[in-house]
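Residues per chain are reported as follows:
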Amino acid sequence: MLLKSEEISMEACGIIAEYNPFHNGHLYQLQEAKKRTGAEVIIVVMSGNFLQRGEPAIVDKWKRAQLALAGGADLIVELPVSYSVQPADLFAKGAIEILAGLGCASLSFGAESGNGETFKKAAKLLIEYSEDIDYQFKKQNEKGKPYAVRMEQAIAAVIPSFPINLSKPNNQLGLAYAKENYFHGDIFHFEVIGRKQADYHDVNLPNNTTIASATAIRKQLLNPLNVQKSSRFMPAKSLELLDQSQLINWNNYWHLLKYQIISSSLDELQKIYQMEEGLENRLKKAAQSADSFERFIQTVKNKRMTRTRLQRLCIYVLLQIKQSDLTALNQIPTSRILGFSPLGQQYLNKVKKTSSINLLTKINKRTKDDWSLDIKAGEVYQLALDNNKLKQDFNRKPLNIIDITTGD
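So, how was this worked out
The residue numbering used here restarts from 1 in each chain and proceeds along that chain's sequence as written. pLDDT decides what is reported in this predicted model: residues at 70 or higher carry local features, side-chain atom pairs at 80 or more are listed and counted, and totals for whole chains, interfaces and linings draw on all residues regardless. The basis for the side-chain values is all heavy atoms of the structure; hydrogens and waters are excluded. Secondary structure elements are taken from DSSP: a helix is a run of H or I of four residues or more, a strand is a run of E of two residues or more, and numbering for both begins at the N terminus. All radius of gyration figures rest on C-alpha atoms, and the globule criterion is 2.2 Å times the number of residues raised to 0.38. For every residue, the accessible area obtained with a 1.4 Å probe (protein chains only) is divided by the maximum for its type, and the residue is called buried under 20%, exposed over 50%, and partly exposed between those limits. Methods summary: accessible areas were calculated by the Shrake-Rupley approach with a probe of 1.4 Å, and residue burial reflects only the protein chains presented. Asp and Glu are treated as the negative residues and Lys and Arg as the positive ones, with His and the ends of the chain left uncounted. The location of each charge is read from NZ of Lys, CZ of Arg, CG of Asp or CD of Glu. Only the stretch in contact is used when a helix axis is fitted, and all axes are lines through C-alpha atoms; the angle between N-to-C directions ranges over 0 to 180 degrees. Here the angle decides the label: under 35 degrees means roughly parallel, over 145 means roughly antiparallel, 65 to 115 means roughly perpendicular, and every other value means oblique. Between two residues, a contact is recorded if the distance between any of their heavy atoms is within 4.5 Å. Just so you know the grouping, Ala, Val, Leu, Ile, Met, Phe, Trp, Tyr, Cys and Pro go in nonpolar, Asp, Glu, Lys and Arg go in charged, and all remaining residues, Gly too, go in polar. Multiply 1.5 Å by the residue count of a helix minus one, and that product is the helix's expected span. By definition, disulfides here are pairs of cysteine sulfur atoms that lie within 2.5 Å. Counted as salt bridges are all cases of a side-chain nitrogen of Lys or Arg within 4 Å of a carboxyl oxygen of Asp or Glu. Polar contact criterion, stated in full: a pair of N or O atoms within 3.5 Å, where within protein one must be able to donate a hydrogen and the other to accept it, and residues adjacent in sequence count only if both atoms are side-chain atoms.

Concerning the overall build of the protein
For step 1, the next point in the chain: Helix and strand content of the protein: 18 helices and eight strands.
For step 2, the next point in the chain: On C-alpha atoms alone, the protein measures out to a radius of gyration of 21 Å, which is about the 22 Å that the 2.2 N^0.38 rule sets for 408 residues.
For step 3, the next point in the chain: Dimensions of the protein, computed from the C-alpha atoms along their principal axes, are close to 55 × 55 × 50 Å.
For step 4, the next point in the chain: Split into buried and exposed, the 408 residues of the protein put 54% on the buried side.
For step 5, the next point in the chain: Of the roughly 18,700 Å² that the protein leaves accessible, carbon and sulfur atoms contribute 48%.
For step 6, the next point in the chain: If you average the places of the 52 positive and of the 43 negative side-chain charges in the protein, the two averages end up 4 Å apart.

Examining the packing of helix α5 (residues 116-128) against helix α8 (residues 169-183)
For step 1, the next point in the chain: Following both chains from N to C, one finds α5 and α8 inclined at 70°, their axes separated by 8 Å at the closest point. On the basis of the axis angle, α5 is roughly perpendicular to α8. The residues of α8 that touch α5, namely those facing Phe-119, Lys-120, Ala-122, Ala-123, Lys-124, Leu-126 and Ile-127, are Asn-171, Gly-174, Leu-175, Ala-178, Lys-179, Asn-181, Tyr-182 and Phe-183.
For step 2, the next point in the chain: Classifying every residue of the contact of α5 with α8 by side-chain character gives nine nonpolar, three polar and three charged.

Looking at unusual backbone geometry
Negative phi characterises most residues that are not glycine, and trans characterises most peptide bonds.
For step 1, the next point in the chain: For the bond running from Asn-20 to Pro-21, omega is 0°, close enough to zero to count as cis.
For step 2, the next point in the chain: Mapped onto the secondary structure, Pro-21 falls in the loop between β1 (12-17) and α1 (24-37).
For step 3, the next point in the chain: For Tyr-19, which is not glycine, the phi dihedral falls at a positive 50°.
For step 4, the next point in the chain: Take Tyr-19: it is sitting in the loop between β1 and α1.
For step 5, the next point in the chain: Here Tyr-19 falls in the buried class, since its relative accessible area comes to 1%.

Topic: the side chain of Ser-106
For step 1, the next point in the chain: Relative to the elements of secondary structure, Ser-106 occurs in strand β4 (residues 106-111).
For step 2, the next point in the chain: Residue contacts for Ser-106: discarding those within four places in its chain leaves Ala-12, Cys-13, Gly-14, Thr-37, Phe-188 and His-189.

Considerations on α5
For step 1, the next point in the chain: With 13 residues, α5 extends 19 Å between its outermost C-alpha atoms, agreeing within 8% with the 18 Å of an ideal straight helix rising 1.5 Å per residue.
For step 2, the next point in the chain: Within the span of α5, buried status applies to Gly-116, Thr-118, Phe-119, Lys-120, Ala-122, Ala-123, Leu-125 and Leu-126.

Some points on the state of the cysteines
For step 1, the next point in the chain: Counted under the stated rule, the structure contains zero disulfides.
For step 2, the next point in the chain: Summary of cysteine pairing: Cys-13 is not part of a disulfide, and the nearest cysteine sulfur, belonging to Cys-104, is at 7.0 Å.
For step 3, the next point in the chain: By relative accessible area, Cys-13 is classed as buried at 0%.

Details of the pattern of salt bridges
For step 1, the next point in the chain: Tallied over the entire structure, the rule returns 17 salt bridges.
For step 2, the next point in the chain: Between Lys-61 and Asp-393 there is a salt bridge, with the nearest N and O atoms lying 2.9 Å from each other. One end of the pair, Lys-61, is in helix α2 (residues 61-70); the other, Asp-393, is in the loop between α17 (372-382) and β8 (399-400), with 332 residues separating them in the sequence.
For step 3, the next point in the chain: One salt bridge connects Asp-291 with Arg-295, and the closest N-O pair in it is separated by 2.8 Å.
For step 4, the next point in the chain: One salt-bridge network, in which partners are shared between bridges, spans Glu-32, Lys-35, Arg-36 and Glu-191.

Quick notes on the environment of Gln-270
For step 1, the next point in the chain: Residue placement: Gln-270 occurs in helix α12 (residues 266-270).
For step 2, the next point in the chain: Through-space distance from the C-alpha of Gln-270 to that of Glu-280 is 6.1 Å; in sequence the pair is 10 residues apart.
For step 3, the next point in the chain: Ignoring anything within four residues of it in the chain, the contact list for Gln-270 reads Met-275, Glu-276, Glu-277, Gly-278 and Glu-280.
For step 4, the next point in the chain: Looking at Gln-270, its side chain comes within polar contact range of the main-chain oxygen of Met-275, at 3.4 Å.

Okay, structure coming up:
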């Protein structure tokens, strides 16, 4: 059962995010979403410690949730790792189900082009012509091309004037959200925030604006000599927290990933989620010779196996995720509450009584079975941290913005 927004006195707008890290563009989206929708409460479904593009988060989920609360979010809930490290459709499926279960009336997301009605129209076309598109996709002989490119070509063959540019990553995610919204009975009003100035894939910081891509910001933050170059692209609190934190990337896990690949048999690797037949041989050969994660990726990837897809597979190997571990994909998700403002707490107290979503306030012996894969993900993420005494899940309570601002 999905919770109807009219059953709750406060209107909520949902946002799906990673905040890796939280920057000025995210702050702008939060402010615009609240202003344009008139929502009293902003609910963010945020990925945990491993992200959609197959990367570990630059800082853990608690620090990123803290920055989102400081930026104006009212309730932060976690997108489980079974959805957070997935292609757009499955990533959207988990996030939309959680926001629907939390009674959101609207959904705000960033996109390179289009408005809410454009995305809804495009999603309806995809669903109506799904059989024809699938036929065109299977008919293609260009197997050397990535899945996304082949799918874009199949859609163009069936719907020549398709209203959304599918070469843009945020448009792809927006369309995935729109499809899930359609399957749920068109329950959300869409508020699309156009990307300002910075492109999703930009790797360099711009000179004439205070908004940059998260990719460009991470590139500077991970170089100790260039950290201050990011200062004008992030709220002061983001920069302050990041300056005090150990920053994480794939290099921190390369030795663990290499161990998993080398120590596993070919049969064991073949059982890893999304492992294509024969790819386990290439992974083993590359891992034995590579001296860094980057060299490993460059050795294995090809035209068909894109970097993002390969990085997601590396997460599955690192966490030893098998198909049997992802039975949750066919169930209504469980979500972990990471933090709230006073308004968010008030909203949560009303919604949790009737929501179909399994909302976890804390992880202990009683609730650990509902969060077992994410507990493992948190424990693996923690292995790279210099100070790893504080666990990611057990006995951690949701952040309260009042406690954060008063220092309690």
